[in-house]
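Take a look at the letters that make up each chain.
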Amino acid sequence: QLDPENTGFIGVETFASLVHSHELPLDPAKLDMLVALAQGNDEGQVCYQELVDLISSKRSSSFKRAIANGQRALPRDVLLDETGLGIYKRFVRYVAYEILPCEMDRRWYFYQHRACPPPVFMAAVTLTQIIVFLCYGARLNKWVLQTYHPEYMKSPLVYHPGHRARAWRFLTYMFMHVGLEQLGFNALLQLMIGVPLEMVHGILRISFLYLAGVLAGSLTVSITDMRAPLVGGSGGVYALCSAHLANVVMNWAGMRCPYKLLRMVLALVCMSSEVGRAVWLRFSPPLPASGPQPSFMAHLAGAIVGISMGLTILRSYEESLQEQCGWWVLLLSYGTFLLFAVFWNIFAYDLLGAQIPPPP
């Protein structure tokens with residue numbers, strides 16, 4: 001009735017009378033933001049889609065422009081007020097400064113963040129990895145260089161080139177680790193970087209990025225290091241870390257995390273050291289082994305996934321990936337790689353006569 005031509009717009013006065021006459025249970029702060037949007041367009045009208053987006057805590061591009069142009073500020077207790085914040089709110093504010101490069105995004109994240117759903121994906125993956133490690137450590141009475149134990153490599157979770165037909169191994173190898181050092185490194189990074197990323201960007205995006213790195217790692221090993229097995233979640237970990245580091249570099253001036261240069265140098269040194277250790281274990285094992293040791297190529301594959309696909313995800317906070325041409329190009333490239341890797345695993349080993357070590 002108020003929009004007979006179905007334009008999706010009504011006047012501000014009409015909308016205000018509608019709110020008062022029907023006593024709509026809307027958040028007053030969000031109503032103020034909606035009025036700011038109306039003030040930001042030429043005709044002073046309220047857009048129905050903007051109302052829907054605002055009530056569902058999504059921001060349209062016009063909402064961003066209205067805030068950026070100073071038409072309306074977010075509530076004053078957003079992010080800047082040090083007093084009166086509980087421990088959890090302080091942690092949320094810390095996460096906002098660590099992950100987001102734009103002050104407007106940080107304020108909006110702090111304002112609309114809810115504790116439910118919690119960041120369960122990275123916590124569940126890390127907990128499962130620790131439980132699996134403890135089970136095998138207690139069973140084999142071995143806590144370092146576990147892959148040198150023949151019974152360890154018989155696990156149905158380990159990726160082995162002789163068991164390529166068991167497709168689940170291309171993912172489940174992320175629950176197995178060489179030893180305490182690799183597990184500790186991966187678990188620490190997953191909790192320190194993965195959990196804040198999941199809090200900001202959501203479980204779907206971060207789980208997709210992590211699993212894409214894991215899958216790319218095992219498939220890259222099957223192509224470039226055809227004789228080697230693979231254990232550890234380094235493909236997913238390096239996808240998250242490289243995406244975050246690349247996002248910090250690309251938005252250096254806007255990042256407010258303290259000591260960012262020092263922390264980036266330390267992160268790069270630790271990641272490089274872990275890759276160097278994996279290369280050493282692959283080609284110069286300290287102990288005699290019955291077969292090749294796990295490959296290090298998953299680290300590099302995960303880093304490539306993070307810098308390409310992950311950077312696009314992290315730079316699209318609360319923006320639809322489906323509307324970005326670059327995202328579809330990356331997704332098509334990743335799908336092409338997966339298809340090539342599948343055919344490689346089916347045909348290339350026999351055509352090239354690869355000498356695969358017998359599976360344990």
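Given the structure is predicted, the values throughout are model-derived calculations rather than measurements. (Residues numbered from 1 in each chain as written. Predicted model: local features only at pLDDT ≥ 70, side-chain atom pairs only at ≥ 80, totals over all residues. Heavy atoms only, no water.)

Caption draft 1: Looking closely at a nonpolar patch on the surface. On the surface, Leu339, Val342, Phe343, Ile346, Phe347, Leu351 and Leu352 cluster together into a nonpolar patch covering about 750 Å² of accessible area. Structurally, the position occupied by Leu351 is in helix 14 (residues 325-352). With relative accessibility at 72%, the residue Leu351 sits in the exposed group. (Patch = residues over 30% accessible without salt bridge, like charges linked within 9 Å, V, L, I, M, F, W, Y side chains within 5 Å. Areas by Shrake-Rupley, 256 points an atom, 1.4 Å probe, with all protein chains shown as cover. Salt bridge = Lys/Arg side-chain N within 4 Å of Asp/Glu carboxyl O. Helix = DSSP H or I, 4+ residues; strand = E, 2+ residues; numbered from the N terminus. Buried < 20%, exposed > 50% of the residue type's maximum accessible area, 1.4 Å probe, protein only.)

Caption draft 2: Spotlight on the side chain of Thr147. Tracing the backbone through its elements, the reader meets Thr147 in the loop between helix 7 (120-140) and helix 8 (169-172). Of the residues examined, Thr147 reaches a relative accessible area of 5% and is grouped as buried. A distance of 2.9 Å separates polar atoms of two side chains, one belonging to Thr147 and the other to Gln293. If near-sequence neighbours (up to four positions away) are discounted, Thr147 is found in contact with Tyr152, Met153, Val178, Val231, Gln293 and Pro294. (Polar contact = N/O pair within 3.5 Å; in protein donor to acceptor, adjacent residues only side chain to side chain. Contact = heavy atoms within 4.5 Å.)

Caption draft 3: Summary view of the UniProt feature "active site" (unreviewed entry) in the chain. Here the UniProt feature "active site" (unreviewed entry) sits at Ser234 and His299. For the residues just named, distributed over 66 residues, the greatest C-alpha separation is only 5.5 Å, placing them together at one site. Set against the largest cavity, the annotated residues that line it come down to Ser234 and His299. Position of Ser234 relative to the elements: it lies in helix 11 (residues 234-250). Secondary-structure assignment places His299 in helix 13 (residues 297-314). In this structure, His299 is in contact with Ser234, Tyr238, Glu274, Val275 and Ala278, ignoring residues within four places of it in sequence. Within polar-contact distance, the side chain of His299 engages the side chain of Ser234 at 3.3 Å. (UniProt positions renumbered as here; feature names shortened; annotations may be inferred. 1 Å grid on protein atoms, 1.4 Å probe; cavity = no way out; pocket = protein on both sides within 12 Å on 5 of 7 lines; lining within 4 Å.)

Caption draft 4: Examining the layout of surface pockets more closely. There is about 510 Å³ of room inside the second largest pocket. Lining the second largest pocket we find 21 residues, and of these Met192, Ile193, His244, Arg263 and Ala267 sit closest to its centre. Going through the elements one at a time, helix 5 (87-99), helix 9 (180-201), helix 11 and helix 12 (260-283) are the ones with two or more residues in the lining of the second largest pocket. With seven residues, the single largest contributor to the lining of the second largest pocket is helix 12. Of the residues contributing to the lining of the second largest pocket, the split by class is 17 nonpolar, one polar and three charged. Both domain 2 (75-116) and domain 3 (120-352) contribute no fewer than three residues apiece to the lining of the second largest pocket. (Points joined across faces, edges and corners; volume = space filled by probe spheres on them. Nonpolar A, V, L, I, M, F, W, Y, C, P; charged D, E, K, R; others polar. Domains from an automatic or database assignment.)

Caption draft 5: Examining the packing of helix 13 against helix 14 more closely. Between helix 13 and helix 14, the least distance of the axes is 10 Å, while the angle of their chain directions is 145°. Handedness of the helix 13/helix 14 crossing: left-handed. Residue-level contacts link Val305, Ser308, Met309, Thr312 and Ile313 of helix 13 to Trp327, Leu330 and Tyr334 of helix 14. Residues belonging to the contact of helix 13 with helix 14 are distributed by class as follows: six nonpolar, two polar and no charged. (Axes fitted to C-alpha atoms, helices over the stretch in contact; angles between N-to-C directions. Left-handed = near helix turned anticlockwise from the far one by under 90°.)

Caption draft 6: Local environment of the confidence of the model for the chain. On average, the chain scores 86 in pLDDT, and the residues at 70 or more come to 88%. Of all helices and strands in the chain, the one with the weakest mean pLDDT is helix 4 (residues 61-68) (54), whereas helix 8 scores best (97). Below a pLDDT of 50 lies the segment residues 69-73, which in the model reaches nine contacts outside its immediate sequence neighbourhood of four places, other chains included. (pLDDT = per-residue confidence, 0-100.)

Caption draft 7: Representation of the environment of Ser290 in the model. Considering the arrangement of structural elements, one finds Ser290 in the loop between helix 12 and helix 13. Among the residues examined, Ser290 registers a relative accessible area of 83% and is labelled exposed. Placed 70 residues apart in sequence, Ser290 and Pro360 show a C-alpha to C-alpha distance of 9.4 Å.

Caption draft 8: Seen up close, the pattern of salt bridges. With the rule as written, the count across this model stands at four salt bridges. Ionic pairing is found between Glu98 and Arg263, a salt bridge with its closest N-O pair at 2.5 Å. Here Glu98, found in helix 5, pairs with Arg263, found in helix 12; they are 165 residues apart in sequence, far enough to count as distant. On the accessibility criterion, Glu98 (7% relative accessible area) is buried. Residue class for Arg263 comes out partly exposed when judged on its relative accessible area of 34%.

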